[in-house]
Every structure is written in C-alpha cells, then in structure tokens.
Amino acid sequence: MRKTKSCADIRMTSTRFARSGRLMTVIMAVLLLSLTLLTGCGASDNPPPAEMPEPPAHDGTYVADCGTLIFNGDGESITVTFDDDFAAAADLPTGTCEGTYVFTFHNGRYRYDKAEAFEIFLGDETCRFNNHWQETTEERIVLVSPLDAAETLIFERQ
C-alpha cells in the first residue's frame, strides 16, 4: 500500500527546501563578497598612489622621547642615538651610530609619505620600524614602536 502525503507534510517539506535555499543564497553571497575583497579591494601589492610630487628628503635633527635621528639631506645617510633603556628593550644599538636608511614598500625603496616601513642600516644590523605614512611628513616621522604596536614614536624636526 502506498503512503500518501498530507498537505501538512507537503508544506513542511517545501518550507525546508525554502529555508535551505535561503541558506544557500546567504552562503553564496558571503563567498562572493569574500572573493571580491581578496582579489579586488583587499590588500594590494602596489604602493599607495602618489598624487603629489615626491617630498624632499629629510634633513636635520628629529627628536623623540626614545632618541634622535639626524639626516644630512641626501636621502641615504643617518646618525642615530637611541635612549639606552629603549635601545636595550628593543634590541637596538646603543650610543651614537652612523649608517644609512631607506623608506620601503614591500622591500623596495619608496617615498616616505607613502612607505609602509622605515629601515636603518647600522653596520651589520638592520632596524626596521613600521611607518605611519599618513602622518609622516617633511617635519615629522611617525613610527610604530618595536616594543608595543599600540605605541607611536613621533620624531619632530628641531
């Protein structure tokens, strides 16, 4: 004998299909949005666009609570002096050191007002800081502290 379905059984089955269809639509929308963000709108390997001409190289003395950076204006050479306590805690060289520097984006040299990192080369040592490029200007250099990512180091031109 064949079992027949009642109207209530049919309505319940169609409601399950409708719910699973809505669930599938939501899942597809989330996947599509994720894919769009990852491929089109997400992180880019390209540096931020530079609408203005490149700013001049840093020149002169820049001072922060943790130390001093002295630039000679050639875009390469630097003299640094970090506070002893800061240097020890951050595993940076102590005393006054001479070296070179570069602002970078994905390990390539880039202008400081758009670069993601600031690197100082002191002999065999490399000191790398994340650069707050939206705030770094000719008059100030704004870096993320190597001790605490929530702390900002602001080197002001004197």
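As a reminder, the structure under discussion sits directly above these lines.
Each value, and the rule that gives it
- Residues numbered from 1 in each chain as written.
- Predicted model: local features only at pLDDT ≥ 70, side-chain atom pairs only at ≥ 80, totals over all residues.
- Heavy atoms only, no water.
- Helix = DSSP H or I, 4+ residues; strand = E, 2+ residues; numbered from the N terminus.
- Contact = heavy atoms within 4.5 Å.
- Areas by Shrake-Rupley, 256 points an atom, 1.4 Å probe, with all protein chains shown as cover.
- Core = buried A, V, L, I, M, F, W, Y, C linked by side-chain atoms within 4.5 Å.
- Buried < 20%, exposed > 50% of the residue type's maximum accessible area, 1.4 Å probe, protein only.
- Phe/Tyr/Trp six-rings, centres within 6.5 Å; stacked < 30°, edge-to-face > 60°.
- Polar contact = N/O pair within 3.5 Å; in protein donor to acceptor, adjacent residues only side chain to side chain.
- Pairing = 2+ DSSP bridges.

Caption draft 1: The arrangement of the overall build of the protein chain in detail. Secondary structure summary: the protein chain contains two helices and nine strands in total. Along the protein chain, helices (α) and strands (β) appear in the sequence α-β-β-β-α-β-β-β-β-β-β when read from the amino end. Pairs at least 24 apart in sequence give 39% of the contacts found in the protein chain among residues at least 6 apart. Summed over all atoms, the accessible surface of the protein chain reaches about 10600 Å², with 55% contributed by carbon and sulfur.

Caption draft 2: A look at the nonpolar core. By size, the foremost hydrophobic cluster in this structure holds 26 residues, and its most contacted members are Leu69, Phe118, Ile120, Phe129 and Phe155. Beyond its immediate sequence surroundings of up to four residues, phenylalanine 118 is in contact with Leu69, Phe71, Ile78, Tyr101, Val102, Phe103, Cys127, Arg128, Phe129, Asn131 and Leu143.

Caption draft 3: Representation of unusual backbone geometry within the structure. Positive phi, normally seen in glycine, also occurs at aspartate 91, with a value near 60 degrees. Mapped onto the elements, aspartate 91 comes out in the loop between α2 (84-90) and β4 (95-105). On the basis of relative accessible area, aspartate 91 is assigned to the exposed category, the value being 67%.

Caption draft 4: Quick look at the packing of aromatic side chains. Under the definition given, this model contains 11 aromatic pairs. Ring centres of phenylalanine 71 and phenylalanine 118 lie 6.4 Å apart, and the angle between their planes is 50 degrees; on these two criteria the pair is classed as tilted. Taken as a pair, phenylalanine 71 in strand β2 (residues 67-72) and phenylalanine 118 in strand β6 (residues 117-122) lie far apart in primary sequence, 47 residues in all. With respect to class, phenylalanine 71 is no different from phenylalanine 118; both count as buried. A network of ring pairs unites the aromatic residues Tyr62, Phe71, Phe82, Phe86, Tyr101, Phe103, Tyr112, Phe118 and Phe129 as a single cluster.

Caption draft 5: Representation of the side chain of arginine 111. Here arginine 111 shows up in the loop between β5 (108-109) and β6. A distance of 3.0 Å separates a polar side-chain atom of arginine 111 from the backbone oxygen of proline 53. The residues contacting arginine 111, other than those within four sequence positions of it, are Ala50, Met52, Pro53, Glu54, Pro55 and Phe103.

Caption draft 6: Focus on the environment of lysine 114. For lysine 114, the position within the fold is in the loop between β5 and β6. As a C-alpha pair, lysine 114 and phenylalanine 103 span 11 residues in sequence and 8.8 Å in three-dimensional space.

Caption draft 7: Structural context of the pairing of strand β7 (residues 125-130). Both β6 and β7 contribute to a ladder of six bridges, which runs antiparallel. Bridging across to β7, phenylalanine 121 finds its partner in threonine 126. Connecting the antiparallel pair β6 and β7 is a turn made up of two residues, with glycine 123 showing a positive phi of about 65 degrees.

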